[in-house]
Amino acid sequence: MYKKILLALDGSENSMRATKEAIKIASLSSECQIEAVFVVDISKSKKDILHSSGKEELELSRRMKLLPAEEQLKLNNISYGIKMLYGEPGPSIVDYANKEQFDLVIIGSRGLNSLQEMVLGSVSHKVVKRVKCPVLVVK
């Protein structure tokens, strides 16, 4: 069974669905640990900094995005940790997952169609292609 799961979160409804699946899997083993990862996208953080009144407010708004997932993990007595990464989401998740040798990565999917994915790319697609462990993409 999986002992070390990376759960990629961004505060969206898709990441909440991924959280629910992670809880189902983690509840099968008392030894399972979930590492919830939130990536602060550097390209978007400049705008966030300009619109916030300080570092504390910015940090609080980021943590608030994770609060619903964190509440679900606590409610289900799942052992977890939270890690903030900085950079582009896809490569940051891949680098962290490969470096820390996770057993499984769970990530939500935005449900892009083929054209959108080809033009925009998708974080989940990048993770699936480059991470060295199994990946569960939750739609």
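Residues numbered from 1 in each chain as written. Predicted model: local features only at pLDDT ≥ 70, side-chain atom pairs only at ≥ 80, totals over all residues. Heavy atoms only, no water.

- You'll find the protein chain entered in an unreviewed UniProt entry as Universal stress protein, with Peribacillus simplex given as the organism.
- Under the Sequence similarities (unreviewed entry) heading, UniProt states for the protein chain: "Belongs to the universal stress protein A family." (UniProt positions renumbered as here; feature names shortened; annotations may be inferred.)

**Focus: the packing of aromatic side chains**
No. 1: The full count for this structure, using the stated rule, is 1 aromatic pair.
No. 2: Relative to Phe102, the ring of Tyr96 has its centre 5.8 Å away and its plane inclined at 45°; by these criteria the two rings are tilted.
No. 3: Note on Phe102: relative accessible area 5%, which makes it buried.
No. 4: Taking NZ or CZ as reference, Lys4 lies 5.0 Å from the ring centre of Phe102, over its face. (Phe/Tyr/Trp six-rings, centres within 6.5 Å; stacked < 30°, edge-to-face > 60°. Buried < 20%, exposed > 50% of the residue type's maximum accessible area, 1.4 Å probe, protein only. Lys NZ or Arg CZ within 6 Å of the ring centre and 35° of its normal.)

**Points about unusual backbone geometry**
With glycine set apart, most residues show a phi of negative sign, and most peptide bonds adopt trans.
No. 1: Unlike most non-glycine residues, Asn77 shows phi in positive territory, near 55°.
No. 2: When you line up the elements, Asn77 lands in the loop between helix H3 (55–75) and strand S3 (79–87).
No. 3: Classification of Asn77 by relative accessible area gives exposed; the value is 72%.
No. 4: Of note in this structure, Gln101 is not a glycine but carries a positive phi near 55°.
No. 5: Topologically, Gln101 is positioned in the loop between helix H4 (89–100) and strand S4 (104–108).
No. 6: The exposure class assigned to Gln101 is exposed, which follows from its relative accessible area of 65%. (Helix = DSSP H or I, 4+ residues; strand = E, 2+ residues; numbered from the N terminus.)

**Quick word on the environment of Thr19**
No. 1: As for its position among the elements, Thr19 is in helix H1 (residues 13–26).
No. 2: In sequence terms Thr19 and Val138 are 119 residues apart; their C-alpha atoms lie 9.2 Å from each other.
No. 3: Excluding residues that lie within four positions of it along the chain, Thr19 makes contacts with Leu7, Leu9, Ala69, Gln72 and Leu73. (Contact = heavy atoms within 4.5 Å.)

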